[in-house]
Number of protein chains: 4
Amino acid sequence: MMKLTRFVLSRCPTKSHTRPLSLFSTYSSNAYGSSSSSVLYVDYTIFKGKAALSISPILPTFAKTSSGALIVDKKGAILLKFYPAIGERKYDYEKKQCFALSATELGSLIGLAPAKSCEFFHDPSMKTSNAGQVRKSLSVSPLSEDGYFFTLTVVNSLLKTNERFTVPVTKAEFTVMQTSFSFMLPYIMGWHQLSSQSPGSNLAKHSEVSLSPNLEWNR
Amino acid sequence: MMKLTRFVLSRCPTKSHTRPLSLFSTYSSNAYGSSSSSVLYVDYTIFKGKAALSISPILPTFAKTSSGALIVDKKGAILLKFYPAIGERKYDYEKKQCFALSATELGSLIGLAPAKSCEFFHDPSMKTSNAGQVRKSLSVSPLSEDGYFFTLTVVNSLLKTNERFTVPVTKAEFTVMQTSFSFMLPYIMGWHQLSSQSPGSNLAKHSEVSLSPNLEWNR
Amino acid sequence: MMKLTRFVLSRCPTKSHTRPLSLFSTYSSNAYGSSSSSVLYVDYTIFKGKAALSISPILPTFAKTSSGALIVDKKGAILLKFYPAIGERKYDYEKKQCFALSATELGSLIGLAPAKSCEFFHDPSMKTSNAGQVRKSLSVSPLSEDGYFFTLTVVNSLLKTNERFTVPVTKAEFTVMQTSFSFMLPYIMGWHQLSSQSPGSNLAKHSEVSLSPNLEWNR
Amino acid sequence: MMKLTRFVLSRCPTKSHTRPLSLFSTYSSNAYGSSSSSVLYVDYTIFKGKAALSISPILPTFAKTSSGALIVDKKGAILLKFYPAIGERKYDYEKKQCFALSATELGSLIGLAPAKSCEFFHDPSMKTSNAGQVRKSLSVSPLSEDGYFFTLTVVNSLLKTNERFTVPVTKAEFTVMQTSFSFMLPYIMGWHQLSSQSPGSNLAKHSEVSLSPNLEWNR
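Residues numbered from 1 in each chain as written. Chains lettered and ligands numbered in written order. Predicted model: local features only at pLDDT ≥ 70, side-chain atom pairs only at ≥ 80, totals over all residues. Heavy atoms only, no water.

Visitor: Which residues make up the overall build of chain A, and what values go with them?
Guide: Counting its secondary structure elements, chain A contains two helices and 14 strands. Out of the 219 residues belonging to chain A, those deemed buried represent 58%. For chain A, the share of sequence-separated contacts (at least 6 apart) that also reach a separation of at least 24 residues comes to 52%. (Helix = DSSP H or I, 4+ residues; strand = E, 2+ residues; numbered from the N terminus. Buried < 20%, exposed > 50% of the residue type's maximum accessible area, 1.4 Å probe, protein only. Contact = heavy atoms within 4.5 Å.)

Visitor: So what about the side chain of T153 of chain A? Which residues, and what values?
Guide: Residues and elements named next belong to chain A. Turning to its location among the elements, T153 is positioned in strand β13 (residues 148–156). A residue is classified by how much of its surface remains accessible, and T153, at 14% relative accessible area, is buried. The contacts of T153, once residues within four sequence positions are left out, are R135, K136, S137, N162, E163 and R164.

Visitor: Could you give an account of helix α1 (residues 103–110) of chain B, with specific residues and numbers?
Guide: Burial runs high along α1 of chain B: eight of the eight residues are buried. Along α1 of chain B, the positions that sit buried rather than exposed are A103, T104, E105, L106, G107, S108, L109 and I110 of chain B.

Visitor: How would you sum up unusual backbone geometry? Please name residues and give values.
Guide: The bulk of non-glycine residues show a negative phi, and the bulk of peptide bonds are trans. All names here are of chain A. The residue K160 is not glycine, and still its phi comes out positive at about 55 degrees. Position of K160 among the secondary structure elements: in the loop between β13 and β14 (161–169). Classification of K160 by relative accessible area gives exposed; the value is 73%.

Visitor: Before we move on, can you summarise the environment of K171 of chain A with the specific residues and values?
Guide: Turning to its location among the elements, K171 of chain A is positioned in helix α2 (residues 171–188). Expressed as a C-alpha distance, the spacing of K171 of chain A and S144 of chain A, which sit 27 residues apart in the sequence, is 9.4 Å. Other than its neighbours up to four places away in sequence, K171 of chain A contacts E145, D146 and G147 of chain A together with G111 and A113 of chain B.

Visitor: Mind laying out the pairing of strand β11 (residues 118–123) of chain A, listing which residues take part and the relevant values?
Guide: Residue and element names in this part refer to chain A. The element β11 is largely enclosed, with a buried count of six among its six residues. Across five bridges, the pairing between β11 and strand β12 (residues 134–142) is antiparallel. By the bridge assignment for β12, H122 is matched with K136. (Pairing = 2+ DSSP bridges.)

Visitor: Requested: an account of the pairing of strand β10 (residues 97–101) of chain D, with residues and values cited.
Guide: Working note: regular strand, side chains alternate between the two faces of the sheet. Residue and element names in this part refer to chain D. Within β10, five of the five residues are buried, leaving the element largely enclosed by the surrounding structure. Burial along β10 is two-sided: Q97, F99 and L101 and C98 and A100, pointing in opposite directions, are all buried. Here five bridges tie strand β8 (residues 77–87) to β10, and the two strands are oriented antiparallel to one another. Looking at the pairing, L80 lines up with F99 of β10.

Visitor: Which residues make up the nonpolar core, and what are the values?
Guide: If you look at the biggest cluster of nonpolar residues, it comprises 172 residues, and the most contacted ones within it are F150 of chain A, F150 of chain B, F150 of chain C together with F150 of chain D. For this core, the element with the most residues is helix α2 (residues 171–189) of chain C, which contributes 10 residues. When residues no more than four places from it in sequence are discounted, the contact partners of F150 of chain B are L53, L80, F82, L138, S139, V140, F165, T166, V167, V169, F174 and M177 of chain B. (Core = buried A, V, L, I, M, F, W, Y, C linked by side-chain atoms within 4.5 Å.)

Visitor: If you had to explain the packing of aromatic side chains to someone new, which residues and values would you point to?
Guide: Summed over all chains, the structure comprises 28 aromatic pairs over all chains. Taking 5.6 Å as the distance between ring centres and 45 degrees as the angle between the ring planes, the aromatic pair formed by F47 of chain D and Y91 of chain D counts as tilted. Remark: Y91 of chain D occurs in strand β9 (residues 90–91) and F47 of chain D occurs in strand β4 (residues 44–47); sequence separation between them is 44 residues. Taking 4.3 Å as the distance between ring centres and 45 degrees as the angle between the ring planes, the aromatic pair formed by Y148 of chain D and F174 of chain D counts as tilted. One end of the pair, Y148 of chain D, is in strand β13 (residues 148–156); the other, F174 of chain D, is in helix α2 (residues 171–188), and 26 residues separate them in sequence. Like F174 of chain D, Y148 of chain D is buried. Among the aromatic residues, ring-to-ring pairing joins F183 and Y187 of chain A, F183 and Y187 of chain B, F183 and Y187 of chain C together with F183 and Y187 of chain D into one connected group. (Phe/Tyr/Trp six-rings, centres within 6.5 Å; stacked < 30°, edge-to-face > 60°.)

Visitor: Tell me about the packing of α2 of chain A against α1 of chain B, residues and numbers included.
Guide: Orientation of α2 of chain A relative to α1 of chain B, taken along the N-to-C sense of each, is 90 degrees, at an axis distance of 7 Å. By the angle between their directions, the pair α2 of chain A and α1 of chain B is classed as roughly perpendicular. Judged by residue contacts, A172, E173, T175, V176 and T179 of chain A of α2 of chain A engage A103, T104, G107, S108 and I110 of chain B from α1 of chain B. (Axes fitted to C-alpha atoms, helices over the stretch in contact; angles between N-to-C directions. Parallel < 35°, antiparallel > 145°, perpendicular 65-115°, else oblique.)

Visitor: Describe the pattern of salt bridges, and please don't skip the residues or the numbers.
Guide: Residue and element names in this part refer to chain D. Overall, the coordinates contain eight salt bridges over all chains when judged by the stated rule. When the shortest N-O distance is used, the salt bridge between D43 and K81 registers 3.0 Å. Here the residue D43 occupies a position in the loop between β3 (38–41) and β4, and K81 occupies one in strand β8, the gap between them amounting to 38 residues. Its relative accessible area of 1% is what places K81 among the buried residues. Two residues, E173 and K48, come together in a salt bridge whose shortest N-O distance is 2.9 Å. Of the two residues, E173 is situated in helix α2 and K48 in the loop between β4 and β5 (51–58); the sequence distance between them amounts to 125 residues. Accessibility expressed as a relative area gives 4% for E173, which makes it buried. For K48, a relative accessible area of 3% gives the class buried. (Salt bridge = Lys/Arg side-chain N within 4 Å of Asp/Glu carboxyl O.)

Visitor: Which residues make up α2 of chain A, and what values do they have?
Guide: Residues and elements named next belong to chain A. Taking 1.5 Å of rise per residue, 18 residues should cover 26 Å, and α2 covers 24 Å from first to last C-alpha, within 8% of that figure. For α2, the principal kink sits at S182 and spans about 30 degrees; a proline, P186, occurs within the next four residues. Counting buried positions along α2 gives 16 out of 18 residues, so the element sits mostly inside the fold. (Expected span 1.5 Å × (residues − 1). Bend = angle between axes of the 7 residues up to and from the residue.)

Visitor: Summarise the confidence of the model for chain A; cite the residues concerned and give the values.
Guide: Averaged over every residue, the pLDDT of chain A is 76; the share at 70 or more is 71%. Within the model, the stretch residues 1–10 of chain A combines pLDDT values under 50 with 43 contacts to residues more than four positions away or in other chains. (pLDDT = per-residue confidence, 0-100.)

Visitor: Hey, could you go over the environment of A51 of chain A for me, with residue numbers and the actual values?
Guide: Residue and element names in this part refer to chain A. Tracing the backbone through its elements, the reader meets A51 in strand β5 (residues 51–58). Residues A51 and P84 lie 33 residues apart in sequence; the distance between their C-alpha atoms is 4.4 Å. Discounting residues that sit within four places of it in the chain, A51 has contacts with I46, Y83, P84, A85, Y91, F165, T166 and V167.

Structure follows, in structure tokens:
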């Protein structure tokens, strides 16, 4: 089993949303035709018997340096949210627990070989005086027919609670994850910003162009 | 054989289009330079001896909540349309039957291993008083040389009809499907909306930036 | 060996370009910041001992129907251009021969298994009185170390000429092809037009939104 | 072991950046909402015990020919930057060495089979009077558990220096590379410029549209 034993800072939105919306993660944007600052809900949710697993992307945020350059302020992530079932087809959206997958953790899932497993550990209070009080671990382990169990464990030593969510993910659902994670990875890294560039902005100053097949000549 | 035995609501456009256009699915857009509300036809069609299979994407639609947030109203899909052959290289576009693949069903096809099969069941009248009257099933089963048979069966217990379309899909055509399905999946999930964001919209309020290699330090 | 024995209409630009530019395919666009109708040259070229192979995309063209809908007029393609070597690191750009790969042919190459081969046949004069006079075939056959030989044969029965170009393509170069072909495939199919849509354009008319986990409930 | 023995011109930015920013590669753009010419830093960095490896894309630059066409002036690349460790979690950003991966070299890494290795050789002064004075080689060789060692060797025969950086890359980190390299490859080739085109710009002049299933008829 591949085991990534590093603890990283956990990121989880507050639970202050009203109930019907708490199913979704939010991000703001001013790039829509209909509104200049709409919140958009685009979760992919898997409803299973004991819990539901909801997946949504978080874009990186940028900050400006004194020189005017844009720098990644907070890295992007894929947010996994687990909701416990409280009856047939009913879930308690107030009792969610979440886990934000980094670029490298996404790489681990995108490249996960069949029948292999992996595990990630996060500490939401890392580098603060509360470090170690809450420990989260996400385990992805093989299920029959090429599916996986996604198990989130949250141990809070202060509140003396120990929560555990397990969602069986079929191969089809895992393929949706891998495909959408591959799509989102460059966005999470901030590399998608390149796609908004036009050739004019990268226009060379001089106009003499030398075609150079020589450079690529194979010897 | 992987068998997904859930019945889901079927979605199929009406058959009111005139004949030359009925080959194509439609969606409206106001983002083209030439026209503010053009209908665009971009089907990928496979013409075979007994039937033709036409594939086109359907984007999700969004609705605004009272708080101004955008929420997915109708999920996107990939629409498969089957047309029976009525002669050499002639198809009856009036007698089409269709099947809308959801994100998870697309995941099933994208991740389909060689020589494996899968089957999906839809009920167009699910959750209405007509539930169970029409039952559609799409079966994808292996063909020689890494291709697949796509078979759509539509049983209408009210009209007492039983239609069946079978299209042999070569490995090359199936690869076109898998590649274009992988491309469309994030669009169908609504995640493509992220791509229209600029870094300015995600600009952090504060300007102190701390580079933190420590967080990613490997131990 | 997978053999696609259908003959399809061949498409090849005229040879009227001046020499330094004839290395590249052209397409017009009015979407650049610097100019409203620039021609852009973005070929990926492999220079080998006996010939060079240059690859560039051709977007589909659209036409308007009487109802105002946009319909694909000419399908997109990936254009392969072969140039014979006429000395060390010198190629005769006047004597090029080309071959336009369709979506399905691209699928064949994207999904080509190691050590497998495929072959395509085109007739540039198909469906005209000159049909059969010129026959082109592109053969992709395995080379040592996971590479492939790309061989284009052009037989002109009218001019009684028989041209043959062979370019050895390494696995790295073939991976560039497969990756860029996968990227371009949705563009060639016209599906990329969806990416320019904003959620506002797909906004549902009614505003009552029902979250329906039931539809995706697994039984 | 696959060995690409061609020497290509090496490209490396100058080391004149101030320290906090020298972690990042830069490119200019005028396509952001917040600023018309911001510099953007979007490196993906792997911090390991003896060195750090930072990865960022470089877009191609375009030049205008006398006829007004846009032509690729400098090809794009993925820039690898290596920084030596000078203490626990501290790196010397002044002593970096870099290596710019071309499209074909990216293809080599994207298609690298498990447990295989590859090696690239660059000469920053190729085709100048200083050719051969500095020789760079990047070796990617298998590590346990499907990871790879990335080793950069820079031999300067003039300064009589011999620098060597080795960074162990896990399978998860390598998957991030492969996924982001696949995403960037069309951008590096300049093919992404097609994505900014609207159907209107490719509108055919005539309006008679013939649907031609015959062309795709399978025989």
